[in-house]
Amino acid sequence: MNSKKNNDANSTCNSTSTPKRRRLGTRRILSEVNNKNDLFADFIRPQLNITKGLTVTADCCDSPPLPCNQVEYLSDSGNNTSDDINCQSDITESCFGEEIKSFTPFSHNVKNPQNQNLCKGDVSDELFTSKLEDEVSQNNLCNEAIVEKHFRDEIAEGFEAINQSISIIKDIDNCFETKDSFLLDIPDHFTQSESNSKSKNNEVFKEHFYQLPMVVKGLFKTYRNIEKLYDWQEECLNLDAIQNRNNLIYALPTSGGKTLVAEILMLREVINRKHNVLFILPFVAIVQEKIWSLSPFALQLNFLVEEYAAGKGHIPPKKRRAKNSIYIATIEKGLALVRSLIELDRLHEIGLIVVDELHLIGEEGRGATLESLLTIVKFANRNIQIVGMSATIGNLEEIAEFLEAAVYQREFRPVELTEYVKIGDMLHRIVWGPAGMETVPERQLHYDYTSAASRLDPDRLGGLVAEVVPAASCLIFCPTQHNAESVAMLLCKMQRKEMLSHRVSERAELARALAGEGAGPLAAAARCGLAYHHAGLSSDERSLLENAFRSGVISVLCCTSTLAAGVNLPARRVIVRAPRLGRAPLTLPAYRQMAGRAGRAGVSDAGESILICGEREWSWVRGVVGGRMPGARSVLCGAVPALLLSGAALRLAPRRADLVRLLRHSLLAVTHRDTIDLEECCDAGIRSLVRGGALEVRGGRGGAHDDTRPIHEDTELAVSKLGRAAIIGCMELGMARQFLSDLETAGEGVVLGGALHLLYLVAPHEPALRPDYRHYHNLYTKLGAEGVRVARALAITDKVAVKMITGKPITDVPEQVLNRFYVAMMLYDLWKQVPFAEVADKYCVSRGAVQAALQAATAQSSCCARLCEALCEAEGGGGGPKGSGGGAVWAWRALLAELAPRLQHCAAPQLQQFMELPNVRKARARQLLRAGYKRVEELAKSSAEELVSRIEHLSRTAATHLISAARMMLIEKVENLRAEAEEVMDELKTS
């Protein structure tokens, strides 16, 4: 039944008037055809009916060709289920010859074969037909010709801008049409040749790679060094739940190969089913890493990979006909994307949602956001498959009940992990048996330490590290950032000669790069082959260290536990420095994630983890390590009003009874079924929203915002303008109200001499920074004229500054305003392109804190801009509700619209274009600029060999990914322009 529905859906989709040349993504749309023998002479140009009875032939804009050896999907317009794909490394004449001559993209609209002759000026009768065509008099033919010529000229001028915008793809045609210049040459044995070109649209592959074209096997071999799947992966891909497109949760230990299964499922969705995919990841860095790794696949397989993290990503996403997309998003951006699609009734465009680290649904803060996203998708019921994966979920049955999913669980690791615990000088091996966990003495640790070395390193970290480096790598997880730095500095003093003489020149280059970022102590450690890694470092520094560790230049990395949940950095040996996470005790999920980093297929043939603890600590640590994995319980309680507001604003649940049903679809209804009455919880949430002015109760006595009125099953609820705008802007209601209050205050005396006042408006409302007031006073006294004016507009005066220096309580200004202005000053320096290291030193914060503040402000500015836009649309372009910036929201919308893009990187324009590429930081952007690359287009034209020769210490793999990311960016821009052009044509067609 499902198969039949899918086929019907495909048939319906393919019966539209979208030209096949657009669906294939590589056909040119010619604006003029003057030769009958032209390759595209049989293509038909559409008509535009503009005035009463007037039919005008409009020249089409050029559709830019994609790279010549990009994989092409040639399926007949009436049947989109064919897997017949030409995977040759260049497009042969047969791809553009006989098939095109025998195929007319508007054939289902053409009744007379003569209509196919473009040279005679004939056009299709049914594309854009005027209802008043019969009323045109023969006497008006002269006037008709004049108007026709005038309109054709206007259309040509309108599309000229688009032609110029996409001309870059034409410029690099020659580059893409050589086999050596493209990023991947597919070996011949990975391709399927066609014996009969006329019938190849109806053929399917006799061989396939897990229901994907065989070319995918070549891609995984080339970019991942994967030739064959593990047995569990094959078993998982053949589960009934997958075949029937039911929801699925699969759980395996870290490094078991879970992501590969998800990638194959996503490729099936975009290639076979022609639906978009949403891939949800926990952190911005992981999103960028996945964008980086999937870009070569997207180029070869003719789909797009779009980033939704921080300030990046179109909300709502661009509606495309020629290509499908994999949206790779953080949790927050994923929720914003889903809401925007529901708002426009486009959620059906997504066929699959994949959630990595599903256990985060039980984490305070972000867990409620993830639960809201999945609850809304389930409740909307658009036949979207949900696949979740995790290594650390203890209550799989409850999560599966929530998602209505099948469960697949295995204890598989491709590389054996041996776990140890070090107590004193004795190393014990952890053995798992029928009775549970046992410890077996392995060996006494003896190293040739001097008495001074023993005092410096009582835990024998230097000896444990020296056993594996520099031949292999080692991760040391420390409880705090300060401890990670201290351990790294200690180990620098304990290293042996063979470690210090390993890859000296590359370490020196890394040290120079780190010194250029202002990380002096880190640069000194890097020369010894060691480093520390934590959230206090800037993203540029972390990126440099991660790449150096992967390549073996850095052998030892001292880090905090956040690295285990973030970037993929496997090692031969993992040492857990202490059974603590900051001041909190070690938890089993955290231990499993850290220990799981030891040993990774393709990196090492074995893995070891060593937990260091004292004799007294082991009594409780034993219970943690040998205990049962805790469950991921719902944390939605505090966020119930936000979920209810989403349901009402998106027209999914307009009545109280519907909202109760929405709550019953949540994880809260499963994990708290015995402790929470959902109906009471729903009523409390509704009353809270009514009091806040987000919801209005229709009918009955009392005011619309009277929260004392009884709420019945059929009580109808209306969403206020503020409530709807908060949902569209993906902002909490309280934060949206605070932002509008700030606009109201700023409207009385906004300072536009620079960007400082605007940056204050988008600064985080609850910044993590708590400035030292004495230092704050010093900064205040050095403010320029603009800074003083903004400070006074916020009521920060000289009187307040005196209280800062004297230590007296400040009651004149709320602490939140003082803290936000401190962050705004920091952001303003970044805005003026002051280096991160200098800003961090000036404001006495870590470089990572500066980076975090910038990312938070970027995301906030995007939300604020969408909020203002939603309020403007609600008011028909005028002001917003009371408290919305003095009624001039349209002005704030204009001011905030360009803030987020400029705030994203705070770099010079010539660097900023390269920093738009995934995983490209300021240091790499400078390297590209120094190497002679002035534009992204020049990088896209380059070859991997050329890039490696021009940039020192750049691997060929990194160069290949960099070039493919540049080409992916250009193609995405072209597709955006194409989508806009198609929207214009659709509007003309329906007008």
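- In the annotation of an unreviewed UniProt entry, the protein is listed under the name Helicase POLQ-like and assigned to Papilio xuthus.
- According to its UniProt record, the protein has this under Subcellular location (unreviewed entry): "Nucleus".

## With respect to the overall build of the protein
Part 1 of the argument: Along its length, the protein carries 44 helices and 23 strands.
Part 2 of the argument: A buried classification covers 57% of the 991 residues belonging to the protein.
Part 3 of the argument: Sequence-distant contacts in the protein: of pairs separated by 6 or more residues, those separated by 24 or more amount to 72%.
Part 4 of the argument: Of the roughly 41700 Å² of accessible surface on the protein, 48% is carried by carbon and sulfur atoms.

## Section: unusual backbone geometry
Part 1 of the argument: Note that the residue after isoleucine 315, namely proline 316, is joined by a cis bond; omega there is -5 degrees.
Part 2 of the argument: With respect to the helices and strands, the residue proline 316 is situated in the loop between β7 (304-308) and β8 (325-329).
Part 3 of the argument: Cis geometry is found at the peptide bond from valine 469 to proline 470, where omega equals 5 degrees.
Part 4 of the argument: For proline 470, the location among the structural elements is in the loop between α17 (461-466) and β15 (474-477).
Part 5 of the argument: The phi dihedral of glutamate 357 is positive, around 55 degrees, even though this residue is not glycine.

## Topic: the sheet that holds strand β9 (residues 350-355)
Part 1 of the argument: Pairing in this open sheet of seven strands is parallel, and the strands run β7-β8-β6-β9-β10-β5-β11 from one edge to the other. Looking along the sheet, the strands with just one partner apiece sit at the ends: β7 and β11 (405-409). Direction aside, neighbouring strands of the sheet carry axes that sit 15 degrees apart on average.
Part 2 of the argument: As defined by bridge partners, strand β5 (residues 247-251) adjoins strand β10 (residues 385-390) across four bridges and the pair is classed as parallel. Among the inter-strand pairings, leucine 248 is bridged to a residue of β10, identified as valine 387.
Part 3 of the argument: Taken strand by strand, helix α11 (residues 258-271) contacts β5, β6 (276-280), β8, β9 and β10, and its axis lies near 170 degrees from that of β9.
Part 4 of the argument: Docked against the sheet, helix α12 (residues 284-301) engages β6, β7 and β8, running at close to 170 degrees with respect to β7.

## A word on the packing of aromatic side chains
Part 1 of the argument: Under the defined criterion, the tally for this structure stands at twelve aromatic pairs.
Part 2 of the argument: Considering the side-chain rings of phenylalanine 209 and tyrosine 210, the 4.9 Å spacing of their centres and the 80 degrees angle between planes classify their relative orientation as edge-to-face.
Part 3 of the argument: With centroids separated by 5.6 Å and ring planes inclined at 85 degrees, the aromatic side chains of tyrosine 308 and tyrosine 327 adopt a geometry described as edge-to-face. Remark: tyrosine 327 occurs in strand β8 and tyrosine 308 occurs in strand β7; sequence separation between them is 19 residues. The residues tyrosine 308 and tyrosine 327 share a single accessibility class, namely buried.
Part 4 of the argument: A connected cluster of aromatic rings, assembled from ring pairs, spans Phe209, Tyr210, Phe220, Tyr223 and Phe297.
Part 5 of the argument: The ring of tyrosine 760 carries arginine 820 above its face, with NZ or CZ at 4.5 Å from the centroid.
Part 6 of the argument: Positioned above the aromatic ring of tyrosine 933, the side-chain terminus of arginine 950 is 4.2 Å from the ring centre.

## Observations regarding α11
Part 1 of the argument: The end-to-end C-alpha distance of α11 is 20 Å, a good match for the 20 Å that 14 residues give at a rise of 1.5 Å each.
Part 2 of the argument: Most of α11 sits inside the fold, with 13 of its 14 residues counted as buried.

## Observations concerning the pairing of strand β13 (residues 426-433)
Part 1 of the argument: Where strand β12 (residues 417-423) lies against β13, four bridges are found, and the strand directions are antiparallel. By the bridge assignment for β13, valine 421 is matched with histidine 428.
Part 2 of the argument: Here β12 folds back onto β13 in antiparallel fashion, the turn holding two residues, of which glycine 424 has a positive phi close to 70 degrees.
Part 3 of the argument: Judged from the eight bridges that link them, β13 and strand β14 (residues 436-444) form a sheet pairing that is antiparallel. By the bridge assignment, histidine 428 is partnered in β14 with proline 441.
Part 4 of the argument: Linking β13 to β14, which pair antiparallel, is a turn of two residues.

## A word on helix α28 (residues 678-691)
Part 1 of the argument: Between its first and last C-alpha, α28 extends 20 Å over 14 residues, near the 20 Å set by a 1.5 Å rise per residue.
Part 2 of the argument: Along α28, the residues that are buried comprise Leu678, Cys681, Cys682, Asp683, Gly685, Ile686, Leu689 and Val690.
Part 3 of the argument: Elements in contact with the buried residues of α28: α25 (640-649), α26 (656-664), α27 (668-671), β22 (695-697), β23 (717-719) and α30 (733-747).
Part 4 of the argument: The distance from a side-chain oxygen at the start of α28 to the backbone nitrogen of glutamate 679 is 2.9 Å, and the residue carrying that oxygen is aspartate 677.
Part 5 of the argument: Just past α28, the residue glycine 693 takes up positive phi, approximately 80 degrees.

## Brief notes about the pairing of strand β18 (residues 573-576)
Part 1 of the argument: By the alternation rule, side chains of β18 split into Arg573 and Ile575 and Val574 and Val576, which are all buried.
Part 2 of the argument: As judged from the four bridges shared by β15 and β18, these two strands associate in the parallel manner. Residue pairing across strands places leucine 475 opposite valine 574, the latter belonging to β18.
Part 3 of the argument: Of the strand pairs in this sheet, β18 and strand β21 (residues 607-613) are connected by four bridges, and their pairing is parallel.

## A closer look at the sheet that holds β13
Part 1 of the argument: Spatial ordering of the open sheet is given by β14-β13-β12-β21-β18-β15-β17-β16, a layout of eight strands whose pairing is mixed. Strands at the two margins of the open sheet, each flanked by one partner only, are β14 and β16 (530-533). Taken over all neighbouring pairs, the strand axes of this sheet differ in orientation by 25 degrees on average, direction set aside.
Part 2 of the argument: As judged from the seven bridges shared by β12 and β21, these two strands associate in the parallel manner. Across the sheet, residue glutamate 419 finds its bridge partner in β21, namely serine 609.
Part 3 of the argument: Contacts from helix α18 (residues 481-494) reach β15, β16 and β17 (556-559) within the one sheet, and its direction differs from that of β16 by about 180 degrees.
Part 4 of the argument: Most of the contacts of helix α24 (residues 615-625) go to β14, to which it runs at about 140 degrees, and overall it touches β12, β13, β14 and β21.

## Focus on the packing of α25 against α26
Part 1 of the argument: Relative orientation of the contacting elements α25 and α26 amounts to 120 degrees, with a least axis distance of 10 Å. The orientation of α25 relative to α26 falls into the category oblique. Here α25 and α26 pass one another in a crossing that is right-handed. Counted together, Val640, Leu643, Leu644, Gly647 and Ala648 of α25 and Leu659, Leu662 and Leu663 of α26 form the full contact between these two elements.
Part 2 of the argument: Partitioning the contact of α25 with α26 into residue classes produces seven nonpolar, one polar and no charged.

## Notes on the pattern of salt bridges
Part 1 of the argument: Using the criterion set out here, one finds 42 salt bridges in the structure.
Part 2 of the argument: Between glutamate 263 and lysine 290 there is a salt bridge, with its nearest N and O atoms 2.9 Å apart. Here lysine 290 lies in helix α12 and glutamate 263 lies in helix α11, a separation of 27 residues in the sequence. The burial state of glutamate 263 is the same as that of lysine 290; both residues are buried.
Part 3 of the argument: For the salt bridge of arginine 926 with glutamate 517, the shortest nitrogen-to-oxygen distance reads 3.7 Å. One end of the pair, arginine 926, is in helix α41 (residues 922-930); the other, glutamate 517, is in the loop between α20 (504-516) and α21 (520-527), with 409 residues separating them in the sequence.
Part 4 of the argument: Its relative accessible area of 32% is what places arginine 926 among the partly exposed residues.

## Structural notes on the nonpolar core
Part 1 of the argument: Ranked by size, the top nonpolar core spans 140 residues in total, and within it Leu374, Phe739, Ile796 and Phe821 carry the most contacts.
Part 2 of the argument: Other than its neighbours up to four places away in sequence, phenylalanine 821 contacts Leu756, Tyr760, Tyr776, Leu783, Gly787, Val790, Ala791, Leu794 and Ile796.
Part 3 of the argument: Grouped together as the second largest cluster of nonpolar side chains are 74 residues, Leu445, Leu461, Tyr532 and Ala548 included.

## Remarks on the environment of alanine 653
Part 1 of the argument: For alanine 653, the position within the fold is in the loop between α25 and α26.
Part 2 of the argument: Classification of alanine 653 as buried rests on a relative accessible area of 0%.
Part 3 of the argument: For the pair alanine 653 and glutamate 716, spaced 63 residues apart in the sequence, the C-alpha separation amounts to 9.5 Å.
Part 4 of the argument: Once residues lying within four places of it in the same chain are set aside, the contact partners of alanine 653 are Phe379, Gly647, Ala648, Asp658 and Leu659.

## Notes on the environment of aspartate 457
Part 1 of the argument: The residue aspartate 457 is located in the loop between α16 (451-456) and α17 in this model.
Part 2 of the argument: For aspartate 457, a relative accessible area of 1% puts it in the buried group.
Part 3 of the argument: Separated by 34 residues in the primary sequence, aspartate 457 and leucine 491 have C-alpha atoms spaced 8.7 Å apart.
Part 4 of the argument: The residues contacting aspartate 457, other than those within four sequence positions of it, are Tyr449, Gly462, Leu490 and Met494.

## Remarks on the environment of serine 295
Part 1 of the argument: Along the chain, the position of serine 295 falls in helix α12.
Part 2 of the argument: Sequence separation between serine 295 and arginine 967 is 672 residues; the distance between their C-alpha atoms is 8.8 Å.

The rules behind the values
- Residues numbered from 1 in each chain as written.
- Predicted model: local features only at pLDDT ≥ 70, side-chain atom pairs only at ≥ 80, totals over all residues.
- Heavy atoms only, no water.
- UniProt positions renumbered as here; feature names shortened; annotations may be inferred.
- Helix = DSSP H or I, 4+ residues; strand = E, 2+ residues; numbered from the N terminus.
- Buried < 20%, exposed > 50% of the residue type's maximum accessible area, 1.4 Å probe, protein only.
- Contact = heavy atoms within 4.5 Å.
- Areas by Shrake-Rupley, 256 points an atom, 1.4 Å probe, with all protein chains shown as cover.
- Pairing = 2+ DSSP bridges.
- Axes fitted to C-alpha atoms, helices over the stretch in contact; angles between N-to-C directions.
- Phe/Tyr/Trp six-rings, centres within 6.5 Å; stacked < 30°, edge-to-face > 60°.
- Lys NZ or Arg CZ within 6 Å of the ring centre and 35° of its normal.
- Expected span 1.5 Å × (residues − 1).
- Polar contact = N/O pair within 3.5 Å; in protein donor to acceptor, adjacent residues only side chain to side chain.
- Parallel < 35°, antiparallel > 145°, perpendicular 65-115°, else oblique.
- Left-handed = near helix turned anticlockwise from the far one by under 90°.
- Nonpolar A, V, L, I, M, F, W, Y, C, P; charged D, E, K, R; others polar.
- Salt bridge = Lys/Arg side-chain N within 4 Å of Asp/Glu carboxyl O.
- Core = buried A, V, L, I, M, F, W, Y, C linked by side-chain atoms within 4.5 Å.

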